[in-house]
Amino acid sequence: MKIPLISILGLGLLLCAQPTTARDAPCGPVDGVEQVLGSPGVFIGDMHGSVESPAFLSALACHSVKAGRPLVLAMEYDAKDQAVVEQFLITPDENKAVDALTATPHWTGNHDGRASAAMRDALLEIRRLARGGNREKLVAYDFGGATSAERDRKSAELIRQIRSNGNSEAFWIVFGGNVHARKTKGLPFLNAPAGAGEHEPLGYLIRDWGLIHLNAAYRGGNIWTCSGPSPKDCGPRSLGPGCTADCPVHPIIRLQSADTAYDGVYDVGKLTVSGPLR
């Protein structure tokens, strides 16, 4: 299937000249980050509704640009919002940039933690890196679809087009739900729908890139999630009491996984809830 070209395919990486203070600010510590910086990039499996997954995203983005690599950050946002995410990076006024971004349906219509205050904060950090003179591009890759299989297939086709259009040397961070991040075929879950054994997740469809696929590892805490379609079905959910003395001080990348769908994990310790921004 041929996906219509959108404006980003003709754009170079953004280079925003700003004071060097933003460019030289230190990155959030990530133990083991050197293991992934020489790779084509990372597919981060998001733990929706947490503070820690978005914080890991912004820290990894920072480390990648400080290593001298151009960055392409592909987000699980409606592809129709591509012009909005581009403007988010280049609009001089930060408040206006945030207001325009968070007025889109992704932010006003999602109640399950994907459009959280923590995600806004992470994107602001990534915007500051771009405004500090680093080479960055934001990609909204979610094309939707009648089924989850069609959605993943269309999304894969879009980001393949973008990567082949002069962006293959960049460090790619693909950010999406941890089911999308799986690099193996099939969904071996007890509650998986019929035919799930043949499902091809987005991570599987781009597995030949050599991205490092990381799932979230955590030790209890709380997230924001939904049990049904209504906003009234959404709220904090406990995932256990959480670690105390044995919590990692910083996120840790571990390139070992008992689950062959991933190359490893990013261990964030205890999860902290972050609800919808709106």
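Let me sum up the structure you'll find in this document. (Residues numbered from 1 in each chain as written. Predicted model: local features only at pLDDT ≥ 70, side-chain atom pairs only at ≥ 80, totals over all residues. Heavy atoms only, no water.)

1. Let's talk about the layout of surface pockets
Here is step 1 of the chain: Considering only enclosed or pocket space, the largest pocket measures out at about 1,100 Å³ in volume.
Here is step 2 of the chain: Contributing to the lining of the largest pocket are 32 residues, with H48, N178, V179, F189 and N191 lying nearest its centre.
Here is step 3 of the chain: Among the elements of the structure, α7 (148-164) and β7 (222-226) are those that each provide at least two residues to the lining of the largest pocket.
Here is step 4 of the chain: Of all the elements, β7 adds the most residues to the lining of the largest pocket, at four residues. (1 Å grid on protein atoms, 1.4 Å probe; cavity = no way out; pocket = protein on both sides within 12 Å on 5 of 7 lines; lining within 4 Å. Points joined across faces, edges and corners; volume = space filled by probe spheres on them. Helix = DSSP H or I, 4+ residues; strand = E, 2+ residues; numbered from the N terminus.)

2. Focus: the pattern of salt bridges
For side chains bearing opposite charge, pairing can occur when the charged atoms are close.
Here is step 1 of the chain: Tallied over the full model, the rule gives 15 salt bridges.
Here is step 2 of the chain: The closest approach of N and O atoms between D121 and R120, which form a salt bridge, is 2.8 Å.
Here is step 3 of the chain: Two residues, K185 and E198, come together in a salt bridge whose shortest N-O distance is 3.2 Å. Of this pair, K185 sits in the loop between β5 (171-177) and α8 (202-205) while E198 sits in the loop between β5 and α8; the two residues are 13 residues apart in sequence, bridging distant segments of the chain.
Here is step 4 of the chain: By relative accessible area, E198 is classed as exposed at 55%.
Here is step 5 of the chain: When salt bridges that share partners are traced, they join E76, D142 and R151 into one network. (Salt bridge = Lys/Arg side-chain N within 4 Å of Asp/Glu carboxyl O. Buried < 20%, exposed > 50% of the residue type's maximum accessible area, 1.4 Å probe, protein only.)

3. A few points about the pairing of strand β4 (residues 135-142)
Here is step 1 of the chain: Of all eight residues in β4, seven are buried; the element is thus mostly enclosed.
Here is step 2 of the chain: Note that strand β3 (residues 71-78) and β4 share six bridges and pair parallel. Bridge pairing in β4 links L73 to L138. (Pairing = 2+ DSSP bridges.)

4. Here's the deal with the state of the cysteines
Here is step 1 of the chain: Under the definition given, this model contains three disulfides.
Here is step 2 of the chain: Bridging C27 to C62, the disulfide has an S-S length of 2.0 Å. Its torsion about the S-S bond being -80°, the disulfide of C27 and C62 is classed as left-handed. Residue C27 is found in the loop between α1 (20-24) and β2 (41-46), and its partner C62 is found in helix α2 (residues 52-66); the two are separated by 35 residues along the sequence. Of the two residues, C27 and C62, both sit in the buried class.
Here is step 3 of the chain: If one numbers only the bonded cysteines of the protein, in the order they occur, the disulfide pattern is 1-2, 3-4, 5-6. (Disulfide = S-S within 2.5 Å.)

5. Examining the side chain of S64
Here is step 1 of the chain: When you line up the elements, S64 lands in helix α2.
Here is step 2 of the chain: Not counting the four nearest positions on each side in its chain, S64 is found in contact with L37, R69, L71 and F171. (Contact = heavy atoms within 4.5 Å.)

6. As for the nonpolar core
Here is step 1 of the chain: With 46 residues, the main nonpolar core has I44, L57, L60, M75, F88, L123 and I173 as its most contacted residues.
Here is step 2 of the chain: Here the element with the most residues in this core is α2; it accounts for seven residues.
Here is step 3 of the chain: Residue contacts for L57: discarding those within four places in its chain leaves I44, L73, M75, M119, I126, I173 and F175.
Here is step 4 of the chain: Membership of the second largest hydrophobic core comes to 22 residues, among which are A74, V174, A181 and Y204. (Core = buried A, V, L, I, M, F, W, Y, C linked by side-chain atoms within 4.5 Å.)

7. Quick notes on the pairing of β5
Here is step 1 of the chain: In terms of burial, β5 is a largely internal element, seven of the seven residues being buried.
Here is step 2 of the chain: One ladder, built from six bridges, connects β2 with β5; its direction is parallel. For D46, the partnering residue across the bridge sits in β5 and is G177.
Here is step 3 of the chain: Here five bridges tie β3 to β5, and the two strands are oriented parallel to one another. Bridging across to β5, M75 finds its partner in F175.

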